[in-house]
Amino acid sequence: MKILFTGGSSFTGYWFIKELAAAGHEVFAAFTKASADQYEDLRARRVNKILDLCRPTWSCAFGDEAFLKLIAQEKDWDLLCHHAAFVKGYKSADFDVLAALETNTRNLKSVLAQLADAGCGKVLLTGSVFEQNEGEGERPLRAFSPYGLSKGLTAEIFRFWCQRLDVKLARFVIPNPFGPFEEKRFTAYLIDSWLNDKTPAVNTPDYVRDNIHVSLLAKAYRHFAEEIAAGTTKAQLNPSGYIESQGAFARRLSTEMKLRLNKPCALTLAQQIAFDEPLTRANFDQPDIAALGFDETAAWDQMAEFYLQNRPK
């Protein structure tokens, strides 16, 4: 396939491009920065590792003049994978929902029309299980945050214009991915603590979440993208991983890392008091691990090796 991909500098974007390229697809990646040198830290490392796997276009954001020019120049696209999203301050209650919508859907009508003129009538939009009305859990399925709200509203705007312009829209809804090249979030905190001979605390052990190996998620994404381009699948996929409490997942991670890090990997489960988020939220489509060629043991090995090679100083 010939794929136009946005959001390749992100944690999951890096893995998705890596998997698509490994399957032999030609990926054109739109990067918002002017060059790879303008990215920093983990994002810079991810970008530099995929430059040989894709055809980058710099200073190119979704819907801007450079993006529309790229669509028109190349033609014969099989699929637009819109993975990018406005994320500045995504953890904040003051997250700018309107700015996110403007960025995520900039000139969407023109983008879709240009794609149709270039021979492509298919779009794969990335969503989040933390949007409103996504996944399974307590009802109503409210958005977890203003960021989650922006993702759900982005999907609604895409649905409207795709229906109006007769473009096929598919959605790939992400739960909680973890693995190599992830930002300093939950699993990174746990493993960094263990490598520093500290005992981390899990402060929200009662929340039931859906954690998935990012390499498995990427394989599911690649397979879904192939089916979308071929017109042989449903319009949405909600791939699922380990559905369990965060305490249980932390213990799972401890067990796997203890075997690989040569550390005791102890942890403390705090008594959870605050329940500001829904108790349970998870996806519901179980990936066919055998068909996707996923090796769970190898995924744990790869994760441990990454952190050992990049252990904190």
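Quick note: structure is the one above.
Thresholds applied
- Residues numbered from 1 in each chain as written.
- Predicted model: local features only at pLDDT ≥ 70, side-chain atom pairs only at ≥ 80, totals over all residues.
- Heavy atoms only, no water.
- Helix = DSSP H or I, 4+ residues; strand = E, 2+ residues; numbered from the N terminus.
- Rg over C-alpha atoms; globule rule 2.2 N^0.38 Å.
- Buried < 20%, exposed > 50% of the residue type's maximum accessible area, 1.4 Å probe, protein only.
- Pairing = 2+ DSSP bridges.
- Contact = heavy atoms within 4.5 Å.
- Axes fitted to C-alpha atoms, helices over the stretch in contact; angles between N-to-C directions.
- 1 Å grid on protein atoms, 1.4 Å probe; cavity = no way out; pocket = protein on both sides within 12 Å on 5 of 7 lines; lining within 4 Å.
- Points joined across faces, edges and corners; volume = space filled by probe spheres on them.
- Nonpolar A, V, L, I, M, F, W, Y, C, P; charged D, E, K, R; others polar.
- Phe/Tyr/Trp six-rings, centres within 6.5 Å; stacked < 30°, edge-to-face > 60°.
- Lys NZ or Arg CZ within 6 Å of the ring centre and 35° of its normal.
- Polar contact = N/O pair within 3.5 Å; in protein donor to acceptor, adjacent residues only side chain to side chain.

(A) Summary view of the overall build of the chain. Secondary structure summary: the chain contains 11 helices and 14 strands in total. In terms of overall size, the chain behaves like a compact globule, its C-alpha atoms giving a radius of gyration of 19 Å where 313 residues would be expected to give roughly 20 Å. Seen through its C-alpha atoms, the chain measures out along the principal axes to roughly 60 × 45 × 40 Å. Scored against the burial criterion, the 313 residues of the chain give a buried share of 51%.

(B) A look at the sheet that holds strand E3 (residues 55–57). Taking strand neighbours across the sheet as the criterion, the 7 strands line up as E3-E2-E1-E4-E5-E7-E11 in an open arrangement whose pairing is parallel. Strand pairing shows two members of the sheet lacking a second neighbour, E3 and strand E11 (236–237), which therefore form its edges. Where strand E1 (residues 2–6) meets strand E4 (residues 79–82), 4 bridges bridge the pair, whose relative direction is parallel. Residue Ile3 lies in a different strand from E4, and its bridge partner there is Leu79. The strands touched by helix H8 (residues 214–230) are E1, E4, strand E5 (122–128), strand E7 (168–174) and E11; relative to E7, the strand with the most contacts, the crossing angle is about 170°.

(C) Up close: empty space enclosed by the protein. Counting across every chain of the model gives 2 cavities of 30 Å³ or more. Looking at the largest cavity, its volume works out to about 50 Å³. Taken together, His82, Ala84, Ala85, Asn104, Leu125, Thr126, Gly127, Glu131, Lys151, Thr154, Ala155 and Arg171 form the lining of the largest cavity. Secondary structure elements with two or more residues in the lining of the largest cavity: E5 and helix H6 (146–164). Broken down by class, the residue content of the lining of the largest cavity amounts to 4 nonpolar, 5 polar and 3 charged. Roughly 40 Å³ of internal volume is contained in the second largest cavity. Phe178, Gly179, Pro180, His213, Val214, Ser215, Ala299, Gln302 and Met303 are the residues that line the second largest cavity. The element best represented in the lining of the second largest cavity is helix H11 (residues 296–309), accounting for 3 residues.

(D) Main features of the pairing of E5. Most of E5 sits out of view: 6 of its 7 residues are buried. Looking at chain direction, E4 and E5 are connected through 3 bridges and run parallel. Each bridged residue has a counterpart across the sheet, and for Leu80 the counterpart in E5 is Val123. By the bridge criterion, 7 bridges tie E5 to E7 in an arrangement that is parallel. Looking across to E7, one finds that Thr126 is bridged to Phe172.

(E) Main features of the environment of Leu195. Along the polypeptide, Leu195 turns up in helix H7 (residues 186–195). Overall, the relative accessible area of 5% leaves Leu195 in the buried class. It is 45 Å that separates the C-alpha atoms of Leu195 and Ala230, two residues lying 35 residues apart in sequence.

(F) The packing of aromatic side chains, seen in detail. Inspection of every chain in the model, using the stated rule, returns 26 aromatic pairs. Their ring planes at 35° and their centres at 6.5 Å tell us that Phe186 and Phe249 sit as a pair that is tilted. Residue Phe186 is located in helix H7, and its partner Phe249 is located in helix H9 (residues 246–261); the two are separated by 63 residues in the primary sequence. Overall, the relative accessible area of 0% leaves Phe249 in the buried class. The rings of Phe5, Phe16, Phe172, Tyr221 and Phe224 are connected pair by pair, giving a single aromatic cluster. A cation over a ring is seen here: Lys2 above Trp77, with NZ or CZ 5.1 Å from the ring centre. Its guanidinium or amino end placed over the ring of Tyr242, Arg252 lies 4.0 Å from that ring's centre, counting from NZ or CZ.

(G) Fine view of the environment of Gln272. You can see Gln272 is positioned in the loop between strand E13 (268–269) and strand E14 (281–282). Expressed as a C-alpha distance, the spacing of Gln272 and Met303, which sit 31 residues apart in the sequence, is 28 Å. What Gln272 contacts, discounting residues up to four positions off in sequence, is Asn203, Thr204, Pro205, Asp206 and Tyr207. From its side chain, Gln272 meets the backbone nitrogen of Asp206 in a polar contact 2.9 Å long. A polar contact of 3.1 Å, which involves the side chain of Gln272, links it to the backbone oxygen of Ala274.

(H) Inspection of the environment of His25 at higher detail. As for its placement among the helices and strands, His25 is situated in the loop between helix H1 (11–22) and strand E2 (26–30). Take His25: its relative accessible area is 13%, and that puts it in the buried class. Residues His25 and Ile3 lie 22 residues apart in sequence; the distance between their C-alpha atoms is 7.3 Å. Once residues within four sequence positions are removed from consideration, His25 is found in contact with Met1, Ile3, Leu20 and Glu226. Among the polar contacts made by the side chain of His25, one reaches the side chain of Glu226 at a distance of 2.8 Å.

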